[in-house]
Amino acid sequence: MNHGRLWAFTLVDDAADRRWENAVGRFAETEWGAKFIDEVTLIMIGAVPPQERVSSVLYGMGSAILVKTAPFDAIGDTIQAVFRALADYPLPSVSVFLVDDDWRVAMLGAFWSTWLKACVAANVSSFRVMPDGSIQVVQDVEVGVTQAVTTYRPDEKVTILWDIPHVSTPPRVRRQGDGLRLDAITVPDVNREVEVIRLIEPTPQELPLEDAERVVAGGRGIEGPDGFAILEELATCLRAGLGASRVAVDQGWISYAHQVGQSGKRIHARLYMAFGISGAPQHLDGMKDCETIVAINRDPKAPIFDVAHLAVVADAREVARQLTLALRARESEEHVMTV
Amino acid sequence: MNWSVLLPLGASEDPLAWMESSASSPLALGRSLMRRYGGSLQVVGYGKEESPVILQWVWASGIRDVWHLTTADLMAPEPMVEALLPIYQNRDSTVILAASSRDVVPGLLAASLGWTLVPEVRAVSVGVDERVMVRQGRRGGWQADLRLGPPLVLLLDCRFFEPLYLTVRQRQQALVEKVVINRRMVRVEARERVMRPYRRLAVKGASSSARDARTRLGALLQTPSEPSKRAKRVEGTTDEAVRAILEFLVQQGLI
Ligand SMILES: Cc1cc2nc3c(=O)[nH]c(=O)nc-3n(C[C@H](O)[C@H](O)[C@H](O)COP(=O)(O)OP(=O)(O)OC[C@H]3O[C@@H](n4cnc5c(N)ncnc54)[C@H](O)[C@@H]3O)c2cc1C
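Quick caveat: nothing in here was measured; it's all calculated off a predicted structure.

Caption draft 1: Molecular detail of the site of the ligand. All names here are of chain A. Looking at the ligand, there are 25 residues lining it, with Arg220, Ser245, Ser263, Ser278 and Asn297 nearest. At 2.5 Å, a side-chain N or O of Ser245 approaches an oxygen atom of the ligand. When contributions to the shell around the ligand are tallied by element, the ones reaching two or more residues are α6 (246-250) and α7 (281-287).

Here it is as structure tokens:
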């Protein structure tokens, strides 16, 4: 016996924002009773990626509605317009918001449940659609101590704010064949009450490593705080965050917020450049999942080269300095060409 | 401008620890905004606790419009929001200040009132035209300055605000002074809820999750091959090294 539709909601901020892939992957990996639901639809809102990209990573969804709209810096009239556009489709009995560390997803869920006149279950660690169509929701009352299990009747509409579990391994990427229905709609920005006066670009010191698409990192081989000043200039050119090994942090050359590794941050950047870092297992632990790794080290046998895609045997400071100059020259050349 | 602070009140909280933590910063911000720009300040506490010391301190800090809504079931936010609505109806020039947290009450309240909600707020001020100026943190370390008109709900990133400061004298006085708090008990419909010891959630193993997706969709699933981890190696002068890195970054579409 099957019971209607489930919509899974995710937000996308910009082209580089690929958190939705993790969210959807985690959702597919979790036991939630998919077999008792007729249709699972992914609702993606914001700067939605191209359709081909979505269909290649849809992990067990039956269809997707891509709602292209302005980013949600304020949740107001635009989101109400998005909801009205979604009302053209048969509405779900279960709505699941895939919540990561971004509070906006949960707040969007609150707005949706109010709009849909549904019950809302927040801080949900797991849920199950039961054979009779009722929904069992598990919420953490005190993490590690108590959980509450609530049952919603089959005739109740439920909005679930599901906390995506933090698992260190990335979700398995599985490609899907034919049979997926994709719809794309565009909703114009009608948040007239919000005026953006200016945007302030992050400096490499401020860019949170977990968010950075590129990271320039230094270790003992960068030889001091002045070495990090060189790296900071390079990071500014590359719009990258600044990372460091534990030795560099322990020496006081840079603050702990920048430490990458087992006892620092684990990152998944598109580019990781390691300057004068040996590649101890505790450091590799934090950066080995980066897509492209470039390592610069004087020692041809440095273990960091085992995980690198480009291994450069050279002096770290010299390369960082010259690379910054080369990138600047390249940028001004491009500027001249476009003027 | 009417400033209103929404304060979730935890049952087991040590009041002193609360005051010294960032949880009290919406209150401190409300106080400083009222002092700086004028208008009124209201504090609305909600939670399970019977008679929280925190609200006595709020009174002692000079705030006279204090509300306390209690509920028997904190896990059902809708009745709480229902009870909050009358406090805010017809108050168009109001700005609600609440901490960014896992609590959905501010979100549900904004949605029910039809007010705009602004998340990740790092600084608040008022412009000449009575519009609210907000600095907002965005993904990737970006920030934005926004100008908005009330009514609004601002979700504060409390790391960027000072906690409340009350002198020992103010705190002691609060315990002897007679305080007048608007109290409401929120009625909740009993919903079946079972408490159980904490259990880790079940995540499927690789094979069973693939099987599940396959049976659902009849789709052919394949795993893309691992990218080659064998490094391209460059040894030579600094110039050669820099050229090789640039070429590599261009090739990978990274610059
Ligand atoms: C429990 C525990 C947790 C830990 N957690 C972390 C962690 O989170 N993060 C972390 O990083 N470490 C961590 N460590 C420490 C880790 O084991 C290493 O000691 C540390 O990563 C080494 O840092 P490094 O590569 O900068 O220094 P070294 O290992 O000293 O390496 C310096 C490298 O720089 C090269 N070099 C020197 N001069 C130059 C130059 N002029 N040009 C180019 N290359 C040069 C050298 O050839 C060498 O390879 C942890 C250790 C323990 C025991």
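After that view, the rundown keeps rolling.
Caption draft 2: Highlighting the pairing of strand β2 (residues 40-47) of chain B. Residue and element names in this part refer to chain B. Burial analysis of β2 places seven of its eight residues in the buried class, the great majority of the element. Sheet topology note: the β2/strand β3 (residues 65-71) ladder contains six bridges and is parallel. Residue pairing for β3: Gln42 is matched across the bridge by Asp65.

Caption draft 3: Summary view of the pattern of salt bridges. All names here are of chain A. Within the structure shown, the criterion is met by 28 salt bridges over all chains. Asp102 is paired through a salt bridge with Arg19; the nearest N and O atoms lie 3.6 Å apart. Taken together, the positions of Asp102 in the loop between β4 (94-99) and α4 (103-116) and Arg19 in helix α1 (residues 19-29) put the pair 83 residues apart, joining distant regions of the chain. Looking at Asp102, the relative accessible area reads 9%, which means it is buried.

Caption draft 4: Local environment of the sheet that holds strand β14 (residues 292-297) of chain A. Sheet architecture is open: six strands sit in the order β12(A)-β11(A)-β13(A)-β14(A)-β15(A)-β11(B), paired in parallel fashion. The sheet is open, and its two borders are formed by β12 (241-244) of chain A together with β11 (232-235) of chain B, each paired with just one other strand. Here the strands of the sheet are splayed against their neighbours by 15° on average, with no regard to which way each runs. Here strand β11 (residues 214-218) of chain A runs beside β12 of chain A; their pairing, made up of four bridges, is parallel. Bridge pairing in β12 of chain A places Ala217 of chain A opposite Gly243 of chain A.

Conventions and cut-offs
Residues numbered from 1 in each chain as written. Chains lettered and ligands numbered in written order. Predicted model: local features only at pLDDT ≥ 70, side-chain atom pairs only at ≥ 80, totals over all residues. Heavy atoms only, no water. Near = heavy atom within 4 Å. Polar contact = N/O pair within 3.5 Å; in protein donor to acceptor, adjacent residues only side chain to side chain. Helix = DSSP H or I, 4+ residues; strand = E, 2+ residues; numbered from the N terminus. Buried < 20%, exposed > 50% of the residue type's maximum accessible area, 1.4 Å probe, protein only. Pairing = 2+ DSSP bridges. Salt bridge = Lys/Arg side-chain N within 4 Å of Asp/Glu carboxyl O. Axes fitted to C-alpha atoms, helices over the stretch in contact; angles between N-to-C directions.

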